[in-house]
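Inside the fold
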Amino acid sequence: MSETFGPEPPAAAPQAPATNGRSRALVITAGVLIALFFALTTFSGFYTDRLWYTSGGYGSVFSTMLWTRVALFAVFGLVMALVVALNVVLAYRLRPVFVGMGDTNGMGRYRDAITPIRRWVVIGVAVVLALFSGTSGAGAWRTYLLWRNGNDFGTTDAQFGRDIGFFVFDLPWLHFLVDFAMAVFVVSLLAAALTHYLYGGISLQGPGDRLTGAAQAQLSLLLGLFVLAKGADYWLDRFDLVSQAGSLITGITYTDDNAVLPAKNILLGISIICAVLFFLNVWRRTWMLPSVGIALLALSAILLGVIWPGIVQQFQVKPSEADRERDYIARNIESTRAAYDLEDVEVERFTPQNTLGSSLAQLDGETKSIPLVDPQVVRPAFEQTQQVRAYYSVADVLDVDRYDIDGVERALVLGVRELNPEGVPDQNWSNLATVYTHGNGIIAAYANQRDRSDDEQVDTESSGANEVGIEWAQGTQSNEQDLQDATGGFEQRVYYGEQSPTYSVVGKAEEGDPDVELNLPTVGSDDDSTTTTFEAEGDAPVGSLFNRLMFAIKFGEPNFLLSDRVNSGSKVLYDREPSQRVEKAAPWLTVDSDPYPAVVDNRIVWILDGYTVTDRYPGAERESFDDMTDDALATAPTGLQTLPTDEINYMRNAVKATVDAYTGEVTLYEWDDEDPILKAWKGAFPGTVEPREAISEELMEHLRYPEDLFKVQRYQFARYHVTDPGDWYQGNNRWEVPEDPDVSGTFQPPYRLFVDNPAAEGSDESFALTSVYVPFRKNNLASFVSVNSDAQSEQYGEMSVLELPNEQTPGPALVANQFSSDQDVADALAQFNRSGARVLRGNLLTLPVNDGLMYVQPVYALRELSDASFPILRYVLTKYGDNIGLGTTLRDSLEDLIRSSGVTPSNTGGGGGNGGNNQGDGGDEGSEPLSGSVSEQIEQLLSDAEEAFNAADESFADGDLGAYQDSVEEAQDLIAQALELAGASGEEAPEDSKEGSGGS
């Protein structure tokens, strides 16, 4: 058989399992897919960002940032890569001729493994270093642009006589260059030394020289360059002393001037000598002198840089620190006041008279603008009564603005009715991305609890005023259109806001296609489900397949590719939060944490304040921005995108910005045209900031002094109102911002009020941002501070301080305690505990009134057992001097305040006619006449009032707010009649009338 068929074929050689090749292919494929995924993700982010900037009109900002980063990445990456690679190649070429012979360091096997692929190793190392150093260089684009476009401040520092622009614009960039140079030399030194060691140029074992001549020359040169760069670093460190934070002040101190600064100069000289010694070692071929030099440098750095300053501080400064530091403290005070724009703050002595006249009408007129509607407390009331649908909401802390209503400038508490995606009933992509796309309109309430006529109108029959609760100026009912009437109407749809969805897909393919975006019905309409379509430009088109793919990757949502709701006319709205939009359009700005809405030119716009900040202003005190702006109303900090930390020592309100709530358009307006930092950024991004003259008159009406800037200024002024260095050092007359009485551990927030400065003659009431100070670590009142907040006023930005000459006036914490311990107040508030309600205390306001200081605090009640409950304003507390007033309205509380001071309140005289009581007939027209003596009539009226208050409590417990309001109005009317009878007859009103005026 074998012969027939021939010899048997040789046995097949064993083959490697196919699985090894298959596994390798799978690994390679997985690696490629992962790399492709990251590449696509990165590219989609880059591409969609470009679309956002281009659509918003800020394409030049994107281009400038892109090409600046690319250029810096390329330059610094290539420099690092080329210098290190050059040194490695040089070290290789300078290797010993007979490398490997007599090898004692055991590097032969490593050399044999690397030599065949040495070019790839060098290239790989160079690429990795280029990526790291290039990324570092690209990250310094702000520092570079400021250096490139910086200019002079026009002011020199006291220590070096250099313009402040050098410290702000030039010094950071010079530091970056020197630090980069030292990094290049260190990495090159390590790479060259390793190469020499690998190829025999350095031998740590065996007899003979440790280094070849070539290795010694190369390493000496690199060490010399590094020490020379360190010398440049010492030279720059001298200038850092003027903005270096210390235990006493920020800036140069006696020890810095007399120990640290000379030490830096000496170390600079030693560094230059050491560098020369290393350079000479290229030819001398001995390490003796360079070693001595570097040892001297290290020893000097310890002795002169650490020990000697410590000795000077301990034995020269501490025994007489006040005298030694006096001149340096004076510099710090001057620089701090200049850096925070506090040089022109007016401080006036103010002695409160604390004497109330008997004219209720006059006092009522002086206090009628006090805001009783607390922007933080009343948010649930805005939501429960005005949100209309569960998928609408308002901001956590509402905003305050002013509008001209019927010829009177009124403060309004405002909340934009924004979309709340969590309230959407059916949580699917189509609903969340294409149907529920926007909010609708503004909710507004009169901040002073008065109606459109700006009058409490105790005559409730003729006015129908709501004396208890909130007076709405804009809501959902046909009779709540005061803001609409005052502004002439405005676009209601809100696509861009503080609570907008992450993204929405809007637009339709053809004009005749049906609308799918759900819209709030118009006022007076019976239609419960109107729809609309976004008609502006949007942030990016998404009709093309490529754009759909990019957004599908960006948001991780395949429906961009699969859904029919994404059509040829679709647009994507994203990055919709106002602060985020301004920060993208102006990446050099620090944005105020509180954007606020306003109706301007028939549009809802978000107004934001933009700041230029630095931590390099010479001699100015440096503090944490978050610490200075933290208070009971503070929102989450936006952070400082322009600085490595949140510490600053210079701040200017350089820009006013607006974001259209419908189109999303971002507009930047120059505000501080003298700010050198703004000028530098305008040079870096030309054409992005509109001139101040471009601000429309209607927009100017709503611009105001920014809160974060005021918080920073009041924080610094608390200590830097003292200008004498000796007093400053001793802490004499040092102030601090008081802690909020109701929120432990945070500052009391500032409040916007219409105030009049009683220390100024003939001054008019102005819209101001106000706060108070207490003595350091005490609770008495030290001063009242306000800044003119009306951008149309010639006095805009002028800060005035009323300093109390003694510490007898109680501060907010003491007043809050006095309110709580007052028996009448305690009795009035006890009813809420009995009925299962919770008491919420509103903002405790301090304001000048009638040559004195008055405290006003609204008190709200909230039923805790109901999810649909919201705070209702039940009482107003007032304090003037030693007297406390209690009432259901401010007018009632003032009347009680006057009575508690021992004066019978009169409703005549004074200029506050709006608050006058016109009940001269002793009751409502058509009411039943009362019989009996005057005392009996008063008793009867008070008895009827008590029954009405009891009925009001029952209605409130049942949740019937309408009946509650009617009963309270009836009771107050009866009390007013009783008080008028008592005043007309000269009799003393019964004690019950005081308690009754505040409620049952």
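Since we're looking at a predicted model, the values are computed, not measured.

Further remarks concern the overall build of the protein chain. Scanning the protein chain for helices and strands turns up 31 helices and 31 strands. The buried share among the 1000 residues of the protein chain stands at 52%. Contacts in the protein chain between residues at least 24 apart in sequence constitute 70% of all its contacts with a sequence separation of at least 6. Summed over its atoms, the accessible surface of the protein chain is roughly 43,900 Å², and 52% of this surface lies on carbon and sulfur atoms.

This brings us to the packing of helix α9 (residues 254–284) against helix α10 (residues 288–317). Where α9 contacts α10, the axes come no closer than 8 Å and their chain directions differ by 175 degrees. On the basis of their axis angle, the class for α9 and α10 is roughly antiparallel.

Another aspect to go through is the pairing of strand β25 (residues 783–788). With six of six residues buried, β25 is to be regarded as a mostly interior element. Side-chain alternation along β25 places S783, V785 and V787 on one buried face and F784, S786 and N788 on a second face that is also buried. Two strands pair when backbone bridges link them, and strand β24 (residues 766–775) and β25 are joined in this way by six bridges, in the antiparallel orientation. In the sheet register, Y773 faces β25, and the bridge partner there is S783. Here β25 pairs with strand β26 (residues 799–803) via five bridges, running antiparallel.

Attention now moves to the packing of helix α6 (residues 141–149) against helix α22 (residues 676–684). Two elements in contact, α6 and α22, have axes whose closest approach is 8 Å; the angle formed by their N-to-C orientations is 100 degrees. What the angle tells us is that α6 and α22 run roughly perpendicular. Residues R142, L145, L146 and N149 of α6 lie in contact with α22, whose contacting residues are I677, A680, W681, G683 and A684. For the contact of α6 with α22, the class distribution of residues is six nonpolar, two polar and one charged.

What follows deals with the side chain of H438. Tracing the chain through its elements places H438 in the loop between α15 (429–435) and β6 (439–440). For H438, a relative accessible area of 2% corresponds to the buried category. Looking at H438, its side chain comes within polar contact range of the side chain of T437, at 2.8 Å. At 3.5 Å, the side chain of H438 and the side chain of Y495 are in polar contact. Aside from chain neighbours lying at most four places away, what touches H438 is Y392, L419, R493, V494, Y495, E517, L518, N519 and T532.

Attention now goes to a negative patch on the surface. Residues E334, D341, E343, D344, E346 and E798 make up a contiguous surface patch of negative charge. Counting through the fold element by element, E798 comes out in the loop between β25 and β26. Its relative accessible area of 41% is what places E798 among the partly exposed residues.

Tallied over the entire structure, the rule returns 19 salt bridges. In this structure, the salt-bridge partner of E803 is R349, at a minimum N-O distance of 3.7 Å. Taken together, the positions of E803 in strand β26 and R349 in strand β1 (residues 346–349) put the pair 454 residues apart, joining distant regions of the chain. Judged by its relative accessible area of 56%, R349 falls in the exposed class.

Strand pairing in a sheet takes place through backbone hydrogen bonds and is either antiparallel or parallel in direction. The three strands are arranged β10-β14-β13 in an open sheet whose pairing can be described as antiparallel. Edge positions in the sheet fall to β10 (503–506) and β13 (540–541), since each has one partner strand and no second. Two strands pair when backbone bridges link them, and β10 and strand β14 (residues 571–574) are joined in this way by four bridges, in the antiparallel orientation. Note on β14: the bridge partner recorded for Y503 is Y574. The sheet contacts of helix α18 (residues 545–555) involve β10, β13 and β14, and relative to β14 the element is tilted by about 25 degrees.

Bringing the packing of aromatic side chains into the picture now. Enumeration according to the criterion identifies 52 aromatic pairs in this entry. Aromatic side chains F167 and F239 sit 6.2 Å apart centroid to centroid with 70 degrees between the ring planes, which places their arrangement in the edge-to-face category. Here F239 lies in helix α8 (residues 213–240) and F167 lies in helix α7 (residues 164–198), a separation of 72 residues in the sequence. For the pair shown, F167 and F239 are each scored as buried. A ring pair is formed by F555 and F560, whose centres lie 6.0 Å apart and whose planes are at 15 degrees; its orientation type is stacked. Members of the aromatic cluster, each reached through a chain of ring pairs, are F43, F46, Y47, W52, Y53, F62 and F546. In this structure, R95 packs its charged tip against the face of Y92, placed 3.9 Å from the ring centre. The ring of Y234 has K230 lying over it, and the distance from NZ or CZ to the ring centre is 4.9 Å.

Bringing helix α26 (residues 812–821) into the picture now. Where α26 is concerned, the buried positions are P812, V815, A816 and F819. Projection of α26 onto a plane perpendicular to its axis shows the buried side chains occupying an angular sector of 100 degrees, all on one side. Buried residues in α26 make contact with β24, α27 (823–834), β27 (837–841), β29 (852–863), β30 (872–880) and β31 (883–887).

Of note, D575 is a non-glycine position whose phi angle comes to about 50 degrees, a positive value. Mapping D575 onto the fold places it in the loop between β14 and α20 (578–585). Judged by relative accessible area, D575 falls into the buried class, the value being 15%. One non-glycine residue with positive phi stands out, namely D601, at about 50 degrees. Assignment of secondary structure puts D601 in the loop between β16 (596–600) and β17 (603–614).

A few words now on the pairing of β14. Two faces make up the sheet, and in a regular strand the side chains alternate between them. Where burial is concerned, the two faces of β14 agree: the one with K571 and L573 and the one with V572 and Y574 are both buried. Pairing between β13 and β14: two bridges, direction antiparallel. Within β14, the residue paired with A540 across the bridge is V572.

Before going further, it helps to examine the sheet that holds strand β3 (residues 399–405). The four strands are arranged β3-β4-β7-β8 in an open sheet whose pairing can be described as antiparallel. A strand with exactly one partner marks an edge of an open sheet, and here the two such strands are β3 and β8 (472–474). When strand polarity is set aside, the average angle formed by the axes of neighbouring strands in this sheet is 40 degrees. By the bridge criterion, two bridges tie strand β7 (residues 442–446) to β8 in an arrangement that is antiparallel. Across the sheet, A445 pairs through a bridge with W472, a residue of β8.

Bringing a nonpolar patch on the surface into the picture now. Nonpolar side chains collect at one region of the surface, where F73, I117, W120, V121, I123, V125, V127 and L131 lie side by side and expose about 730 Å² of accessible area between them. In terms of residues, the nonpolar patch owes the most to one element, helix α5 (residues 118–139), which gives six residues.

Its location among the elements puts E321 in helix α11 (residues 321–324). Residues E321 and Y254 lie 67 residues apart in sequence; the distance between their C-alpha atoms is 8.9 Å. Aside from chain neighbours lying at most four places away, what touches E321 is L248, Q313 and Y729.

In this section: the confidence of the model for the protein chain. Considering every residue of the protein chain, the mean pLDDT works out to 83; 82% of them sit at 70 or more. Per-element confidence in the protein chain is highest for strand β21 (residues 666–670), whose mean pLDDT is 97, and lowest for helix α16 (residues 460–463), whose mean pLDDT is 34. Across residues 908–931, where pLDDT falls below 50, the model places 43 contacts with residues more than four positions away in sequence or in other chains. Within the model, the stretch residues 985–1000 combines pLDDT values under 50 with 37 contacts to residues more than four positions away or in other chains.

A word on α10. The terminal C-alpha atoms of α10, which comprises 30 residues, lie 40 Å apart, in line with the 44 Å expected from a rise of 1.5 Å per residue. Along α10, the helix axis deviates most sharply at I307, where the bend reaches about 30 degrees; the proline P309 sits within four residues downstream. For α10, every residue scored as buried is listed here: P290, G293, L297, S300, P309, V312 and V317. As for α10, its buried residues are in contact with α8, α9 and α11.

To continue, consider the environment of E346. Its place among the elements puts E346 in strand β1. When the C-alpha positions of E346 and E798 are compared, they lie 8.2 Å apart, and in sequence the two are 452 residues distant. In contact with E346, other than residues within four places in its own chain, are M799, S800 and V801.

Rules used throughout
- Residues numbered from 1 in each chain as written.
- Predicted model: local features only at pLDDT ≥ 70, side-chain atom pairs only at ≥ 80, totals over all residues.
- Heavy atoms only, no water.
- Helix = DSSP H or I, 4+ residues; strand = E, 2+ residues; numbered from the N terminus.
- Buried < 20%, exposed > 50% of the residue type's maximum accessible area, 1.4 Å probe, protein only.
- Contact = heavy atoms within 4.5 Å.
- Areas by Shrake-Rupley, 256 points an atom, 1.4 Å probe, with all protein chains shown as cover.
- Axes fitted to C-alpha atoms, helices over the stretch in contact; angles between N-to-C directions.
- Parallel < 35°, antiparallel > 145°, perpendicular 65-115°, else oblique.
- Pairing = 2+ DSSP bridges.
- Nonpolar A, V, L, I, M, F, W, Y, C, P; charged D, E, K, R; others polar.
- Polar contact = N/O pair within 3.5 Å; in protein donor to acceptor, adjacent residues only side chain to side chain.
- Patch = residues over 30% accessible without salt bridge, like charges linked within 9 Å, V, L, I, M, F, W, Y side chains within 5 Å.
- Salt bridge = Lys/Arg side-chain N within 4 Å of Asp/Glu carboxyl O.
- Lys, Arg positive; Asp, Glu negative; His and termini not counted.
- Charge placed at Lys NZ, Arg CZ, Asp CG, Glu CD.
- Phe/Tyr/Trp six-rings, centres within 6.5 Å; stacked < 30°, edge-to-face > 60°.
- Lys NZ or Arg CZ within 6 Å of the ring centre and 35° of its normal.
- Arc of directions from axis to C-beta.
- pLDDT = per-residue confidence, 0-100.
- Expected span 1.5 Å × (residues − 1).
- Bend = angle between axes of the 7 residues up to and from the residue.

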